[in-house]
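Reading the structure
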Amino acid sequence: MKKWEEMTPNLPTEIKSSWQQVLRFFPVDFRQILSGIGPKIYREISEIRFRINQPLEVVYQKRSMWVASDGRLVDSPEHAHWLRAEDIGKIVNALTAGSIYALEEELTKGYITLPGGHRVGFTGHVVSEAGRIRLIRNISSLNFRIARACLGIARPILPYLWKDGRFLKTMILSPPACGKTTLLREIVREISNGVAELGIPGLHVGVVDERSEIAGSFQGTPQLDVGLRTDVLDACNKGEGVYLLLRSMNPDVIATDEIGAENDFEVLEDIINAGVSMIVTAHAMNLTEAMCRPGLRRILERGMIERLIILSSRSGAGTLESVRAGVAGPELLRRSSVTEEPKC
Amino acid sequence: MLKMVGAFLIIGATTLAGFIRAGRYRERCRLLNQWLSILTFLKTGIGYQAERLPELFGKVAALVQYQELSRLFRAAAEAVDFGSGRSVDDIWEQLLQDPQWDALHLSDRLILRELGQYLGTTDYRDQVAKINVCQERLQQNLNLAEAECHKKVGICRYSGFAVGAAAVLLLF
């Protein structure tokens, strides 16, 4: 068994998203504040957080920092730029291009996707109807999550996912914010484009992107690179989406995010019975924890998964814990970091 | 001869002024009708298609018959999209201040201005309700404007000529 470090001397990580592209979503005064952040720093900012009556916060190198009115990052909140209710209103207006009504459905899920694949999470006063969230109004907090492509991070794993001329049924397991979706997107992109060195021809990949996270679609158009032969069903639930793809798009591989509900078992079974391979992700700290979730346990025990990729954030997001040949199979690849710092 | 020319000039000028005045009554009706169509379009786009304002304004620009109005809505579409950093209220206000709407009365502008304060900021049901109210009020103004137009267009035209003729008689 090879060690991960031996296989990843210099990963070609490409930072695609420029700070200017991010700043254009904000009102002029916040653009001025945030443009004061230097280029070395903004490359490592992953989130910008706004809260009513609280200081402006960024997540820089996985650490929470405050932003001063001149764009300096400061440790003390007293020196930071404080936000008022009007500021949040202005920012919401700018992020929605003055069209909150057009994003009602997305807002009920607590986030919207912007051009470039960036995502903005919202919290505020929830209005429910018949036990379901109808809309979130009086928005009090915003979390702008910057999307960055991490090209090449899947390449060292790919040889383990391709065998006898077919893509093996794969599941990526990790806790939240450990890079599952990023790795899934990269695998999808690679197998869709084809990897000549590994003998992988370009495959038709159907993506059921329930929460617009994989392709970062804006108005139905993928904003992140998911490959040349990828068809994306955006904001569609897995159950319906998988059948739609099977009926209409003749995919070689179906990719979807965050499975684990009780009825997901039937959906995956149908994919397999249709002779199509799949790659899915699920939330779990490790295999033991995954087996405690009834929905996942059923899938794993039935041997539906041929390759299990386990990620963690032990050495930063995207730390590869292992690649296993299914639940009971041997460990094929051991712990290391999928991406080198600076993170993409 | 000189008197003749002078008389023609005076009568011509006052008649023209009368026609211009009459034209403003007709122009107001035309603009109100145009706004009612625009609001119907916005209502459909918001209520049934959930289209964003930049796209909707862009479509309105293609829909309106007059090039100048088209230009205004194209500019509004660009201003409201990502990157401008301006509020819809502000952009709407600027749109209403254009000289293209000079024929509208203050009451018409106030109705439209009020809509601008809410446009895009609430859920689609509320948006449709607000547009409906705006349309009803503009329709009332249009009815009054049309009645006024019927009554005053002829008067303006004739009075322009009559004032000119009276002036000529007094002067010469």
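Procedures and definitions
- Residues numbered from 1 in each chain as written.
- Chains lettered and ligands numbered in written order.
- Predicted model: local features only at pLDDT ≥ 70, side-chain atom pairs only at ≥ 80, totals over all residues.
- Helix = DSSP H or I, 4+ residues; strand = E, 2+ residues; numbered from the N terminus.
- Rg over C-alpha atoms; globule rule 2.2 N^0.38 Å.
- Buried ≥ 20, exposed ≤ 12 C-beta atoms within 10 Å, placed from the backbone.
- Contact = placed C-beta atoms within 7 Å.
- Pairing = 2+ DSSP bridges.
- Axes fitted to C-alpha atoms, helices over the stretch in contact; angles between N-to-C directions.
- pLDDT = per-residue confidence, 0-100.
- Nonpolar A, V, L, I, M, F, W, Y, C, P; charged D, E, K, R; others polar.

Points about the overall build of chain A
- Scanning chain A from N- to C-terminus turns up 12 helices and 17 strands.
- For 344 residues, the compact-globule estimate of 2.2 N^0.38 gives 20 Å, and chain A sits close to it at 21 Å.
- Projected onto its principal axes, the C-alpha positions of chain A cover 60 × 50 × 35 Å.
- Burial status across chain A gives 44% buried among its 344 residues.
- Across chain A, the fraction of contacts at a sequence separation of at least 24, relative to all contacts at a separation of at least 6, is 63%.

Examining the environment of Pro115(A)
- Mapped onto the fold, Pro115(A) is located in the loop between β5 (111-113) and β6 (119-129).
- Given 17 C-beta atoms within 10 Å, Pro115(A) falls into the partly exposed group.
- Beyond its immediate stretch of four places on either side in the chain, Pro115(A) contacts Phe218(A), Gln223(A) and Phe82(B).

Observations concerning the sheet that holds β5(A)
Residue and element names in this part refer to chain A.
- What the 7 strands build is an open sheet, ordered β4-β3-β2-β1-β7-β6-β5; its pairing is antiparallel. The sheet is open, and its two edges are formed by β4 (73-74) and β5, each paired on a single side.
- Pairing between strand β2 (residues 57-60) and strand β3 (residues 63-67): 4 bridges, direction antiparallel. Paired with Val59 across the bridge in β3 is Ser64.
- Along the sheet face, helix α5 (residues 85-95) touches β1 (45-51), β6 and β7 (132-145) and points at about 100 degrees away from the line of β7.

Considering the confidence of the model for chain B
Residue and element names in this part refer to chain B.
- Residue-level pLDDT values for chain B average 88, and 100% of them are 70 or greater.
- When mean pLDDT is taken per element in chain B, helix α5 (residues 106-118) scores highest with 94 and helix α6 (residues 124-171) scores lowest with 86.
- Confidence metrics for the complex model read pTM 0.75 and ipTM 0.77.

Considerations on the interface of chain A and chain B
- At the interface, 18 residues of chain A touch 19 residues of chain B.
- Mapped by element, the contributors of at least two residues to the side of chain A that touches chain B are α3 (28-35) and α5 of chain A.
- Top element by residues in the side of chain A that touches chain B is α5(A). It accounts for 3 residues.
- Residues of the side of chain A that touches chain B, tallied by class, amount to 11 nonpolar, 3 polar and 4 charged.

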